[in-house]
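# Coordinate inspection notes
Okay, here's what each chain looks like letter by letter:
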Amino acid sequence: MRAFLKKDVLVYWRDRKQNIFSLVIPLILIVVLGLLLPNWIENPTSTLQLKAAMVVHDNEAAGLEQFQSSLKSRGLPDEEAAVLFELAAHSPPVSLLNDMLKSDQIISMVEWVELDEEAALRRLQSGEIQAIVTLPEDFTLHILNKTLLDEGNGAAISLTSDDPSIEVGVLQGIIEGFTQQFNASSAIAHAGTHSAVTLNQEAVLPSIGGVETIEGVRVLTSFQYFTLAVGAMFAMYVAANSANKAITEKREHVFQRILLSGSHPLTYLAGKIVATLMMSLLQLTLVILICHFVLDLFPGYSLEFWLGFSLLMMMMCLIVAALGGLFTAAMFRMNANTANAIIQALLLIIGVIGGNFAPIYILPDAVQQLWEWTPNGLWLSTMIQWIQQESWEAAINGMLGLSAFIIAIIALSVWTFPKRGRI
Amino acid sequence: MLETVELSKSFKGKTVVDGVSLYLDQGESVGLLGPNGAGKSTTISMISSLLAPTHGDVLLRGKSVIKHPQHIRRVLGVVPQEIALYEELSAYENLQFFGRIYKLKKPALESKIQEVLEIVGLRERQKELIKTFSGGMKRRINIAAALLHNPQIVIMDEPTVGIDPQSRNHILDTVRYLNLEKGTTVLYTSHYMEEVEQLCKRMYIMDHGKVIASGTKEELGRILSSEDTILLQLDAYDDAFIEEIRSLDPVRQVERTDQGLKLIIAKQSRVLSSIVQSAERHSVQLINMHVHTPSLEDVFLHLTGRTLRD
């Protein structure tokens, strides 16, 4: 195997034209796309579309009445009680949240439906809506008690979604923005109060499989997105390049000479896979490192972040290596021109579906559904989640999915590759 | 040592090798002659166990190569018609790779690489990339790669196609060295008759997938022992002239050459005056006329009706 690996690495390494193509073109594309489309990823509201349900268990009028009664029962001086009630009645939290979520700006991005909890869950499961915002019972009373009287634990706005998309991330950001603004206003209006409205970080509906908590999300920049997307796309071309080298070996009868040596054909295939892994790792690492240092891609990220990032990068390169094996097998199975056409078409299709050419959210819904069913799409999705959330759970889930892809592709390569030792 | 028994191969119903039986004794140098498309390369692929025959068998010391390909692969070196090398690697790196896949260990591999480079006369150029080599030099490294594991039998498939005379001579010297000095059994295929005449004691002539004649040079020459060859150097001639020549009784075959016509005629027939008269009738200027005993090239023409390089 070492002989095959050394030979393949040397052959790839000395193909200067291909190496320059694999390194320089992605760098140019990343810079051009990042500069031309600077707000596609950071401020995607103009193009984002999300359907969400609002489930309100709270009764605002009743909450205000209860708050007024509680003021009386506390024996507060009438004047002070009147001021507090006026404050509460002037800015009831549910009305403020409603006004904000149904403002023109938000409505252009989020289509709201008012549902009861059961219907909302059903629709979330069926994919008709992407998120549920829930206001619990006595929300108004608890918030007013906390913000104006500094009593109790306040109340939580729950955001439930099984779709870790950019849209849901943006909605979460909007709600977080509201809570911060509300707390700040309350604090100014009533000195001595503490933050009370919090965003519930826990899944409130554990009965639904796959309900995922959306934690604090970092904003993904255009340069980060295009570095990953374009870098991965060109890494996949390393696999196509491997297969092209195999065509030459087949055409020039080098492969026959290898068979005559008594080497098992799968040793040759293994050499191709490992060499493709090494070359794609080198290519992707260089592209990402150059972009990182030139474009200040991930400033101040933790060591833990880089560890997860490196693991995911390795997974992508393993995908590329497996594809290299599959493409090589295809070259030996069929006419080289036909195989080449199929490979190029496949790369183009999975590149589009996987979001390597343009952010996935600008593509039709049907294509978006397939995103994570492509290895590169799954990788990109996992990588984006890692950058935004640094969640090991999400990263491991993604890596398990990618491992399944790798095993399946390698198994298909081995199954397809001629093993008879004849031509 | 090695023999094929009624070897046949069909692709999609088309028979490209049809019942070929041949043998090679140990230390022998045998030629396999035939024009392009005669089935030589397919026969070689079957002998070397790379291609399964549709019918027949290949026996190495009596054992079937088809059933046990590993037996022949250990003792066989194949020089394919194509330059089966990596262009991006140096001559040394190519030989190192092929030596390693033949499981040669380091000290032995190093000395073997230097030995085969010496045989093909390219030791001084071993560090240069193959893509910088001339066609002839590439062919010489192509041969060197087949010799690394000390094969007892070497099959060379048209190793001198498209190369300069210097490299061609070097390759012919290499084949002689392998056969005469090292006792290697050689099966040499070519469509250059003179190469086979120089290198091989026996030869097989193939056409349209079949062996149409075999034997030593002398045995094959006797096929045309009752015939002579006349070479006519002509200024200009037309089809009517050729037809008239062909209609002459002793003329058995007529072939166009660069300078005129080649005729195969019955030995010692009196045809020269008829040829001169025909030339006069058709206003063809006869520049030169040469009568000689038929060569193997003529034998091939006689047997197949076409030249080796058709």
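Since we're looking at a predicted model, the values are computed, not measured. (Residues numbered from 1 in each chain as written. Chains lettered and ligands numbered in written order. Predicted model: local features only at pLDDT ≥ 70, side-chain atom pairs only at ≥ 80, totals over all residues. Heavy atoms only, no water.)

### Comments concerning the overall build of chain A
- Counting its regular elements, chain A contains 17 helices and five strands.
- With 423 residues in all, chain A has 52% of them scored as buried.
- Look at the contacts in chain A between residues 6 or more apart in sequence, and 79% of them connect residues 24 or more apart.
- Summed over its atoms, the accessible surface of chain A is roughly 18900 Å², and 60% of this surface lies on carbon and sulfur atoms. (Helix = DSSP H or I, 4+ residues; strand = E, 2+ residues; numbered from the N terminus. Buried < 20%, exposed > 50% of the residue type's maximum accessible area, 1.4 Å probe, protein only. Contact = heavy atoms within 4.5 Å. Areas by Shrake-Rupley, 256 points an atom, 1.4 Å probe, with all protein chains shown as cover.)

### Considerations on the nonpolar core
- Counting 163 residues, the largest nonpolar core has F309, L347 and W379 of chain A together with I47, F98 and Y188 of chain B as the members making the most contacts within it.
- Ignoring any residue separated from it by four or fewer positions in sequence, one finds F98 of chain B in contact with V254 and R257 of chain A together with A84, L85, Y86, A145 and L148 of chain B. (Core = buried A, V, L, I, M, F, W, Y, C linked by side-chain atoms within 4.5 Å.)

### Remarks on the sheet that holds strand β8 (residues 185–190) of chain B
All names here are of chain B.
- Pairing within the open sheet is mixed, and its six strands lie in the order β6-β7-β8-β3-β9-β10. Since the sheet does not close on itself, it has two edges, and those belong to β6 (76–79) and β10 (210–216), each with one partner. Sheet twist, expressed as the average angle between the axes of neighbouring strands with direction ignored, equals 15 degrees.
- Direction of pairing for strand β9 (residues 202–207) relative to β10: antiparallel, over a ladder of six bridges. Bridge pairing links I205 to A213 in β10. (Pairing = 2+ DSSP bridges. Axes fitted to C-alpha atoms, helices over the stretch in contact; angles between N-to-C directions.)

### Regarding the packing of aromatic side chains
- Within the structure shown, the criterion is met by 24 aromatic pairs over all chains.
- Aromatic rings pair up to connect F4, F255, Y268, F332 and F417 of chain A together with Y86, F97 and F98 of chain B into one cluster.
- Lying across the ring of Y192 of chain B, R168 of chain B places its NZ or CZ 4.7 Å from the centre.
- Looking at R202 of chain B, its charged tip hangs above the ring of Y23 of chain B, at a distance of 3.9 Å from the centre. (Phe/Tyr/Trp six-rings, centres within 6.5 Å; stacked < 30°, edge-to-face > 60°. Lys NZ or Arg CZ within 6 Å of the ring centre and 35° of its normal.)

### A short note on the confidence of the model for chain B
All names here are of chain B.
- Mean pLDDT over chain B: 86, with 97% of residues reaching 70 or higher.
- When mean pLDDT is taken per element in chain B, helix α3 (residues 91–101) scores highest with 92 and helix α11 (residues 296–304) scores lowest with 75.
- Of the two predicted TM-score estimates for the complex, the pTM is 0.65 and the ipTM is 0.74. (pLDDT = per-residue confidence, 0-100.)

### Regarding the pairing of strand β7 (residues 153–157) of chain B
Residues and elements named next belong to chain B.
- Among the five residues in β7, five count as buried, and that is most of the element.
- Burial of the side chains of β7 extends over both faces: I153, I155 and D157 are buried on one face and V154 and M156 on the other.
- Of the pairings in the sheet, the one linking β6 to β7 comprises four bridges and is parallel in character. Bridge pairing links G77 to V154 in β7.
- Chirality of the crossover, the property in question, places the unit of β7, helix α6 (residues 165–181) and β8 among those that are right-handed. (Right-handed = clockwise from strand over helix to strand, strands pointing away.)

### A look at helix α8 (residues 139–149) of chain A
All names here are of chain A.
- Among the eleven residues that make up α8, ten are buried, leaving the element largely enclosed by the rest of the structure.
- Those residues of α8 that fall on the buried side of the exposure criterion are F139, T140, L141, I143, L144, N145, K146, T147, L148 and L149.
- Positive phi shows up at D150, right after α8, with a value of about 55 degrees.

### Here's the deal with the environment of L312 of chain A
Residue and element names in this part refer to chain A.
- Assignment of secondary structure puts L312 in helix α13 (residues 303–333).
- Taking the relative accessible area as the measure of exposure, L312 reaches 1% and is therefore buried.
- Residues L312 and T382, spaced 70 residues apart in sequence, show a C-alpha to C-alpha distance of 8.1 Å.

### Examining the sheet that holds strand β2 (residues 14–24) of chain B
Residue and element names in this part refer to chain B.
- In spatial order, the strands read β2-β1-β4-β5; together these four strands make up an open sheet with antiparallel pairing. For this open sheet the edge positions go to β2 and β5 (63–64), each flanked by a neighbour on one side alone.
- Alignment of strand β1 (residues 2–11) against β2, held across seven bridges, turns out to be antiparallel. What sits directly across from L7, in β2, is V20.
- In the packing of helix α1 (residues 40–47) onto the sheet, contacts are made with β1, β2 and β4 (55–60), and the angle to β1 comes to roughly 120 degrees.

### With respect to the interface of chain A and chain B
- The interface of chain A with chain B comprises 22 residues on the first partner and 32 residues on the second.
- Our enumeration of links across chain A and chain B arrives at one salt bridge.
- On the surface where chain A and chain B come into contact, there are ten residue pairs in polar contact (both at pLDDT 80 or more).
- Within the side of chain A that touches chain B, the residues separate by chemical class into nine nonpolar, five polar and eight charged. (Salt bridge = Lys/Arg side-chain N within 4 Å of Asp/Glu carboxyl O. Polar contact = N/O pair within 3.5 Å; in protein donor to acceptor, adjacent residues only side chain to side chain. Nonpolar A, V, L, I, M, F, W, Y, C, P; charged D, E, K, R; others polar.)

### As for helix α4 (residues 78–90) of chain A
Residue and element names in this part refer to chain A.
- End to end, α4 covers 18 Å across 13 residues, agreeing with the expected 18 Å (1.5 Å per residue, within 8%).
- Burial in α4 covers these residues: A81, L84 and A88. Here the buried residues of α4 occupy an arc of 65 degrees about the axis, which is enough to place them on one side. For α4, exposure combined with an orientation more than 90 degrees from the buried face picks out D78, E79, E86 and H90.
- On its buried face, α4 is in contact with α3 (60–73) and α8. (Expected span 1.5 Å × (residues − 1). Arc of directions from axis to C-beta.)

### Focus on the confidence of the model for chain A
Residue and element names in this part refer to chain A.
- Put simply, chain A has an average pLDDT of 80, and 86% of its residues get 70 or more.
- Put simply, strand β5 (residues 197–200) is where chain A has its lowest mean pLDDT, 44, and α13 is where it has its highest, 93.
- Here residues 191–216 is a poorly scored stretch, pLDDT under 50, and it has 63 contacts once near neighbours within four places are set aside; other chains count.

### Quick look at the environment of L326 of chain A
All names here are of chain A.
- Along the polypeptide, L326 turns up in helix α13.
- Sequence separation of L326 and L269 is 57 residues, and the distance between their C-alpha atoms is 9.2 Å.
- What L326 contacts, discounting residues up to four positions off in sequence, is I409, L412 and S413.

### A short note on the packing of helix α12 (residues 265–295) of chain A against α13 of chain A
Residues and elements named next belong to chain A.
- Packing of α12 against α13 leaves a shortest axis separation of 8 Å and a crossing angle of 140 degrees. As far as their axial angle goes, α13 and α12 are oblique. Where α12 crosses over α13, the two elements pack in a sense that is right-handed.
- Residue composition of the contact of α12 with α13, grouped by class: 17 nonpolar, seven polar and one charged. (Parallel < 35°, antiparallel > 145°, perpendicular 65-115°, else oblique. Left-handed = near helix turned anticlockwise from the far one by under 90°.)

### Focus on the pattern of salt bridges
Residue and element names in this part refer to chain A.
- Inspection of the entire model under this criterion finds 25 salt bridges over all chains.
- For the salt bridge of D8 with K7, the shortest nitrogen-to-oxygen distance reads 2.9 Å. Of the two residues examined, D8 and K7, each falls in the buried class.
- The salt bridge involving R123 is made with E128; its shortest N-O contact spans 3.9 Å.
- A relative accessible area of 44% places E128 in the partly exposed class.

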